[in-house]
Amino acid sequence: MIRLTGTRRDVTQVSGGRDRPNKPSEYPPGRTLKKLLDTCLSSAGVHMESANGQRGRDGGSLRRSPLDVIMNQIRRKRSFTDRKPLGRFLSRSSSQTGIPEDGTPETREDKGGQSSGDSERHMGWGGVSVFLQRLGKKSDSRNLSLGHCDLTATDLLELASLLQFLPQLEEVDVSWNELIGGSLAALTSHLQQVSGIRTLRICSCRLNADDVTALGDSLGSVPLLEILDLSWNSGVGGGALQGLLGKLQPALRELHLVACQLTAADAAVLGGVVAALPRLSLLDVSCNPQLSQEVDVGGFKQLASSLSHTTNLTTLRLQACGLTADGLYALGGSLRYLPSVRELDLSCNKQLSGGLSRLTCHLSHVTHLESLDLHLCCLSLSDLEQLIQVLPSLTSLTELDISSNQEAGGVVRPLVSALPVRQMRRLPLNSCSLNEESFTALALVVPNLRSVDVSWCKVVGGRLSLLLDSLKPSIILELRLSSCDLITDDLHHLASASRRGFLSSLRVLDLSYNGSVGDEGWSALFSAGGLGSLEDVDVSLRPSSSARCSAWLPSLLRALPRSAALARLALQRWTVGLEERRQLEFILRKRSVLLEWDQDGGELRGTEPEE
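Residues numbered from 1 in each chain as written. Predicted model: local features only at pLDDT ≥ 70, side-chain atom pairs only at ≥ 80, totals over all residues. Heavy atoms only, no water.

**Here we look at the overall build of the protein chain**
Working step 1: In terms of regular secondary structure, the protein chain is built from 20 helices and 21 strands.
Working step 2: Residues classed as buried in the protein chain amount to 45% of the 611 residues present.
Working step 3: Within the protein chain, contacts between residues separated by at least 24 positions form 81% of all contacts whose residues are at least 6 apart in sequence.
Working step 4: A total accessible area of about 30,100 Å² is found for the protein chain, and carbon and sulfur atoms account for 50% of it. (Helix = DSSP H or I, 4+ residues; strand = E, 2+ residues; numbered from the N terminus. Buried < 20%, exposed > 50% of the residue type's maximum accessible area, 1.4 Å probe, protein only. Contact = heavy atoms within 4.5 Å. Areas by Shrake-Rupley, 256 points an atom, 1.4 Å probe, with all protein chains shown as cover.)

**Things to note about the nonpolar core**
Working step 1: Counting 155 residues, the largest nonpolar core has L146, L255, L257, L400, V460 and L511 as its most contacted members.
Working step 2: With five residues, helix α9 (residues 264–275) is the largest single contributor of residues to this core.
Working step 3: In this structure, V460 is in contact with F439, V454, L481, C484, L486 and D490, ignoring residues within four places of it in sequence. (Core = buried A, V, L, I, M, F, W, Y, C linked by side-chain atoms within 4.5 Å.)

**Here's the deal with the pattern of salt bridges**
Working step 1: Using the criterion set out here, one finds 20 salt bridges in the structure.
Working step 2: Put simply, E178 and R206 hold a salt bridge, and the shortest N to O gap is 3.3 Å. Note that E178 is positioned in the loop between β4 (171–173) and α7 (185–188) and R206 in the loop between β5 (199–201) and α8 (209–218), a separation of 28 residues in sequence.
Working step 3: Look at E178 and you get partly exposed, because its relative accessible area is 41%.
Working step 4: By relative accessible area, R206 is classed as exposed at 60%.
Working step 5: Here E478 ties to R480 by a salt bridge, and the two come within 2.3 Å at their closest N and O atoms.
Working step 6: Within this structure, D536, D538, R568 and E596 form a network of salt bridges that share partners. (Salt bridge = Lys/Arg side-chain N within 4 Å of Asp/Glu carboxyl O.)

**A short note on the packing of aromatic side chains**
Working step 1: Evaluated as defined, the whole model comprises five aromatic pairs.
Working step 2: Measuring from ring centre to ring centre gives 5.9 Å for W522 and W552, while their planes differ by 35°; the resulting arrangement is tilted. Remark: W552 occurs in the loop between β17 (547–548) and α19 (553–559) and W522 occurs in helix α18 (residues 519–528); sequence separation between them is 30 residues. For the pair formed by W522 and W552, the shared burial category is buried.
Working step 3: Judged by relative accessible area, which is 0%, W552 ranks as buried.
Working step 4: In this structure an aromatic cluster arises from ring pairing among W522, F526, W552 and W574. (Phe/Tyr/Trp six-rings, centres within 6.5 Å; stacked < 30°, edge-to-face > 60°.)

**Overview of the state of the cysteines**
Working step 1: Per the counting criterion, the structure on display carries zero disulfides.
Working step 2: C287 carries a free sulfur, and the closest cysteine sulfur to it, the one in C321, is 7.3 Å from it.
Working step 3: On the basis of relative accessibility, which here comes to 28%, the residue C287 falls in the partly exposed class. (Disulfide = S-S within 2.5 Å.)

**Some details on the packing of α9 against helix α10 (residues 299–306)**
A pair of packed helices is characterised by two quantities: the angle between their axes and the separation of those axes.
Working step 1: Axis separation between α9 and α10 bottoms out at 7 Å; the angle between their running directions is 15°. Relative to α10, the element α9 is oriented roughly parallel. The element α9 and its partner α10 pack so that their crossing is left-handed. Counting all contacts with α9, which are made through A264, A267, A268, L270, G271, G272, V274 and A275, the residues of α10 involved are G299, F300, Q302, L303 and S306.
Working step 2: Looking at the contact of α9 with α10, its residues break down into eight nonpolar, five polar and no charged. (Axes fitted to C-alpha atoms, helices over the stretch in contact; angles between N-to-C directions. Parallel < 35°, antiparallel > 145°, perpendicular 65-115°, else oblique. Left-handed = near helix turned anticlockwise from the far one by under 90°. Nonpolar A, V, L, I, M, F, W, Y, C, P; charged D, E, K, R; others polar.)

**Brief notes about the sheet that holds strand β3 (residues 143–145)**
Working step 1: Pairing is parallel across the open sheet formed by 10 strands, whose spatial order is β3-β4-β5-β6-β7-β8-β9-β10-β11-β12. Each edge of the open sheet is held by one strand with a lone partner, namely β3 and β12 (399–401). Averaged over all pairs of adjacent strands, the angle between strand axes in this sheet comes to 5°, irrespective of strand direction. (Pairing = 2+ DSSP bridges.)

**With respect to the confidence of the model for the protein chain**
Working step 1: Averaged over every residue, the pLDDT of the protein chain is 83; residues scoring 70 or more account for 77%.
Working step 2: Below pLDDT 50 for its whole length, residues 1–34 participates in 34 contacts with residues either more than four positions away or in separate chains.
Working step 3: Across residues 76–114 the pLDDT falls below 50, and counting only partners more than four positions away or on other chains, this stretch makes 24 contacts in the model. (pLDDT = per-residue confidence, 0-100.)

**Regarding α18**
Working step 1: Counting buried positions along α18 yields seven of 10 residues, so the element is predominantly enclosed.
Working step 2: Those residues of α18 not exposed but buried are G521, W522, S523, A524, L525, F526 and A528.
Working step 3: Just beyond α18, the residue with positive phi is G529, at close to 80°.

**Regarding α10**
Working step 1: Restricting attention to buried positions, one finds in α10 the residues G299, F300, L303, A304 and S306. Looking down the long axis of α10, one finds its buried residues gathered within 160° of arc, a one-sided arrangement.
Working step 2: Residues of α10 that are buried make contact with α9 and α11 (325–335). (Arc of directions from axis to C-beta.)

**Regarding the side chain of T310**
Working step 1: Looking at the secondary structure, you find T310 in the loop between α10 and β9 (315–317).
Working step 2: Here the side chain of T310 touches L307 through a polar contact of 2.6 Å, landing on its backbone oxygen.
Working step 3: For T310, the residues in contact, after removing those within four places along its chain, are V274, L277, L280 and L338. (Polar contact = N/O pair within 3.5 Å; in protein donor to acceptor, adjacent residues only side chain to side chain.)

**Quick word on the sheet that holds strand β18 (residues 568–570)**
Working step 1: In spatial order, the strands read β13-β14-β15-β16-β18-β20; together these six strands make up an open sheet with parallel pairing. Single-partner strands in this sheet number two, and they are β13 (451–453) and β20 (594–596). For this sheet the average axis-to-axis angle between neighbouring strands, irrespective of direction, equals 5°.
Working step 2: Bridge count between strand β16 (residues 536–538) and β18: three bridges; the pairing is parallel. When the sheet's bridge partners are listed, V537 is paired in β18 with L569.

**Examining the packing of α10 against α11**
Working step 1: Where α10 meets α11, the closest approach of the two axes is 8 Å, and the angle between their N-to-C directions is 20°. By the angle class used here, α10 and α11 are roughly parallel. The interaxial crossing formed by α10 with α11 has right-handed handedness. When α10 is examined against α11, the residues F300, K301, A304 and S305 are found in contact with a partner set consisting of G327, A330, L331 and S334.
Working step 2: Among the residues forming the contact of α10 with α11, the class breakdown is four nonpolar, three polar and one charged.

Structure below.
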């Protein structure tokens, strides 16, 4: 019990945290009201003078009630942060009045010293992050990659509203979102907010003519754009390309229009487009089979003529464009004005057969040509002979692809003699009907090749050592031997080359469709070691066959820990015991390796253990 005495005050007992008078209060009504208010203020940690300013006996201190003294003792035991603010009792909440609870004046800057503009940008970036997280993408202020996100028109509107918070954006990719077709204007109308973008990819989005027009109208707001990719949009062809005429900015370096169903009329429009792009270095209009039709009418001929103005062009891709001998003649006339071209892709144009001479007479002017692709062009023996004659003038050539041309198998020896062998890096001859003589000639160029592909050439079976003995250590990166009738001895030679370190840099190994290899051959290969750089391995069997792999699977399992770079393993049509299957799946799942197997049931074909 604590007993206190004061003027006109009764003795007060404090027990259990409660104030309890000994007898009824004799305070006048005014003092009772003050007592109630004093109690509230004291619980808030605030002192208040009496109404009449009455002083104590010492004449210096303010007169306090017994309750003041008690509450003061309680306050001393409480931390400052635990006290309740005055505004909670005397006024509305600080959030309503705008007065901070700590009593300090509020300014336009927050506690971190950020201005309101910085705060808005911070909140805006938060909105960008939330938007990207919802789509399963990571936040990047410079690269906005939203491919395969199933974006809708509503998403496009939300994205457009967030562009203002991405002032450093340089790359935008909304490819493979087919639901945004017809609503591209929602995005392009805000491109001025990201005027610094350099790459814009809108592939396979079902764009229509209105989308292309809207894009063309907005290109003036992105003067730094260097790469534009509208591939796999069939709506770009058929006249819609007109919406880009005169709209592309001079800074553009790459234009991709793959599989856009461009017609001969579009080719004429495209000619006008590229003629106004002095810095254009790459043009890819592959997979537009109608592009070069009706050459005499002027469509493709006008495009080919316009190419002569793109003096900085280094890469020209015309794969599967329906090129004919007349189209080659029109193209060849421009090549003499394009000495800077380094990559020329004319593959998959089967109508070139018999007309390659229309081009080869101009190839000698392309002195910097490094890569020439003529695979699957049905080249005749005459075409190949014309090509061989011009090869000595192509002193910079490092890649030549004449694969999938049956006649090529008979000219490998003169072909190799005409090539700059020491600088060749790639010479695929798959599906070329190689014979023993041509296979032997190929061994002369193999030592310098980074990629060797002789798939579907049956002559390789039993003779693989001829190629392997020509290899240099740690040079080859890709070895493709699919459907080559390999035998067990061939795999032993491959294992020997691996042990000696000749395959230490190999990344791709394709041994699929070689069912004649015995279990000993597979075991020897996977036990040899020296394949630590492998990223892709394919040992699948033909669709019509199957075999058990229990004999050599343990060797593969032991080799997997040494293959740290492995990303894909194909074992289709191989059968395996249930326990072995679970063991393999566990190892590969832990490594995040893509395991390809038969699609029936979605897993490796497993067999019950034999009794």
